[in-house]
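Structure assessment
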Amino acid sequence: MLERHELEAFLVLAEELHFGRTAERLRLSQARVSQTISRLERRIGAPLFERTSRRVALTPLGVQLRDDLEPLHREMGEAVARAVAAARGVAGVLRVGFLGAGAGELTSAVLDAFRTANPGCEIQMRETHFADPLGPLRAGEVDVLVTRLPVREPDLTVGPVVLSEPRVLAVPARHRFARRQQVSLEDLARETVFGVTGPAPDYWWDFHVPRFTPSGRPVRRGQDVATFQELLALVAAGQGVSPVAASVERYYARPDIAFVPFDDAPATDVAVVWRTAGATARVRAFAQAAGEAVAANGGPARF
């Protein structure tokens, strides 16, 4: 069984690959860190690091141990955080990530409900981007997300749906579709849409920008984009078209882009999402506030 100081020394050195920086982070001497790692290697029976005068690197066994221990260490930290939060009540800081316009006009209602019920908790907001919609949550940079569905990750919990809205097709203002009252998903077979740069789940982008029409015809994908503003700039420049949420026309309207309603695209929903293992009292309180705001609104907000 690893002792806690051995576990922390190993994981920090596995990240830094430098004894000096590891010692600084742990507030120990380099000699103490070296002794701890050497003692750990003796207990395991094989080297975990390759050491030279110029570099420190993990051995294959070290890589295996790091990969096995990191999720356990993170879960232990989250378990302690949940216990501390439960003991103290809902206080401290809740970091909320949001994608684009988030829940739209219902966002203020959710935040007001949360602040009223939990006056001792501060909310910090951070915008996320569709190139990596779940990354900040996975990395622990935010505690909870208000983001577009679908989310089908086994380690994430999907909470209340706070917004449901139709979709429209963003086209250049001079595009032939700009004069139409409606378009169909089948129309995409004659157009170029965009891919995405980054680790966004394939199923997530494929829902928002389908690869095939309902009848099975392929939809051509052109340039990959990383941000929403980049996508809009390319649409305006005539490089392609893109399905987007109807609220985009309100929050991102510009004269060189027209937004044409779909008559057959499924609605796009926004929900509260959090790490299942990171469900602290603050996160649960935020999900509850979101649910209460939705109930008071008579259901998810509609655009």
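Higher on the page you've got the structure.
Just so you know, the residues in each chain are numbered from 1, in the order the chain's sequence is written. Given that this is a predicted model, residues contribute local features only at a pLDDT of at least 70 and side-chain atom pairs are listed and counted only at 80 or more, while totals for whole chains, interfaces and linings are drawn from all residues. For side-chain calculations, the full set of non-hydrogen atoms in the structure is used, while hydrogens and water are omitted.

1. Section: the overall build of the protein chain
Within the protein chain, the secondary structure is distributed over ten helices and 13 strands. Against the globule reference of 19 Å for 303 residues, the protein chain gives a C-alpha radius of gyration of 24 Å, more extended than a compact globule. Principal axes of the C-alpha set define a box for the protein chain whose edges measure 75 × 45 × 30 Å. Type-normalised accessible area, obtained with a 1.4 Å probe on protein chains alone, sets the label of each residue: buried when under 20%, exposed when over 50%, and partly exposed for intermediate values. In the protein chain, which comprises 303 residues, the proportion classed as buried is 45%. Per-residue accessibility takes into account occlusion by the displayed protein chains alone, with areas from the Shrake-Rupley method and a 1.4 Å probe. A total accessible area of about 15400 Å² is found for the protein chain, and carbon and sulfur atoms account for 51% of it. When the 37 basic and 36 acidic side-chain charges of the protein chain are each reduced to a single mean position, those positions are 2 Å apart. Numbering of helices and strands runs from the N terminus; a helix is a DSSP stretch of H or I covering at least four residues, while a strand is a stretch of E covering at least two. Atoms counted for the radius of gyration: C-alpha only. Globule rule: 2.2 Å times the number of residues to the power 0.38. For the purpose of counting charges, residues Lys and Arg are taken to be positive, whereas Asp and Glu are taken to be negative. His and the chain ends are not included. By convention, the charge on Lys lies at NZ, on Arg at CZ, on Asp at CG and on Glu at CD.

2. Some remarks on the nonpolar core
Here, nonpolar core means buried Ala, Val, Leu, Ile, Met, Phe, Trp, Tyr and Cys residues that are tied together by side-chain atoms lying within 4.5 Å of each other. Core analysis: the biggest nonpolar cluster contains 35 residues, and Phe130, Leu169, Leu188 and Leu231 have the highest contact counts within it. When contributions to this core are tallied by element, the ones reaching two or more residues are strand 7 (167–172), strand 8 (192–196), helix 7 (202–208), helix 8 (228–236), strand 10 (242–245) and strand 11 (257–261). Ile123, Val270, Ala285 and Ala289 belong to the second-largest nonpolar core, a separate cluster that totals 23 residues.

3. Section: helix 1 (residues 4–16)
One fewer than the residue count of a helix, multiplied by 1.5 Å, yields its expected span. Here helix 1 is 13 residues long and its end C-alpha atoms lie 18 Å apart, about the 18 Å a rise of 1.5 Å per residue gives. Glu6, Leu7, Ala9, Phe10, Leu11, Val12, Leu13, Ala14 and Glu16 are the residues of helix 1 that are buried. Of the residues one or two after helix 1, Leu17 is the one with positive phi, at around 55°.

4. Focus: the packing of aromatic side chains
Geometry of aromatic contacts follows a simple scheme: Phe, Tyr and Trp rings, the Trp one being its six-membered ring, pair when their centres are within 6.5 Å, and the pair is stacked under 30 degrees between planes, edge-to-face over 60, tilted otherwise. Taken as a whole, this structure holds six aromatic pairs when the rule is applied. What links up through ring pairs into an aromatic cluster is the set Phe130, Trp204, Trp205, Phe228 and Tyr252. Sitting over the face of the ring of Phe207, Arg167 holds its NZ or CZ atom 4.7 Å from the ring centroid. Whether a charge sits over a ring comes down to the Lys NZ or Arg CZ being within 6 Å of the ring centre and within 35 degrees of the ring normal. Just above the ring of Phe177 sits the side chain of Arg176; from NZ or CZ to the centre is 4.8 Å.

5. Examining the sheet that holds strand 10
The strand order across the open sheet formed by three strands is 10-7-11, and the pairing between neighbours is antiparallel. Looking at the sheet topology across the chains shown, the edges are occupied by strand 10 and strand 11. Adjacent strand axes in the sheet meet at a mean angle of 40° when their direction is disregarded. For two strands to be treated as a pair, DSSP must find at least two bridges joining them. Here strand 7 pairs with strand 10 via four bridges, running antiparallel. When the bridges of strand 10 are listed, Val168 appears paired with Val244. Think of each axis as a best-fit line through the C-alpha atoms, taken over the contacting stretch in the case of a helix, with angles from 0 to 180 degrees between the N-to-C directions.

6. Quick notes on helix 3 (residues 30–44)
Here helix 3 spans 21 Å end to end across 15 residues, near enough to the 21 Å set by a 1.5 Å rise per residue. For helix 3, the set of buried residues is Val33, Thr36, Ile37, Leu40 and Glu41. Here the buried residues of helix 3 occupy an arc of 135° about the axis, which is enough to place them on one side. Between two residues, a contact is recorded if the distance between any of their heavy atoms is within 4.5 Å. On its buried side, helix 3 packs onto helix 1, helix 2 (19–26) and strand 1 (49–51). Among the residues trailing helix 3, Gly45 stands out with phi positive, at a value near 100°. As used here, the arc is the angular range of directions from the helix axis to the C-beta atoms.

Take it as geometry only, folks, not as evidence of what the structure does.
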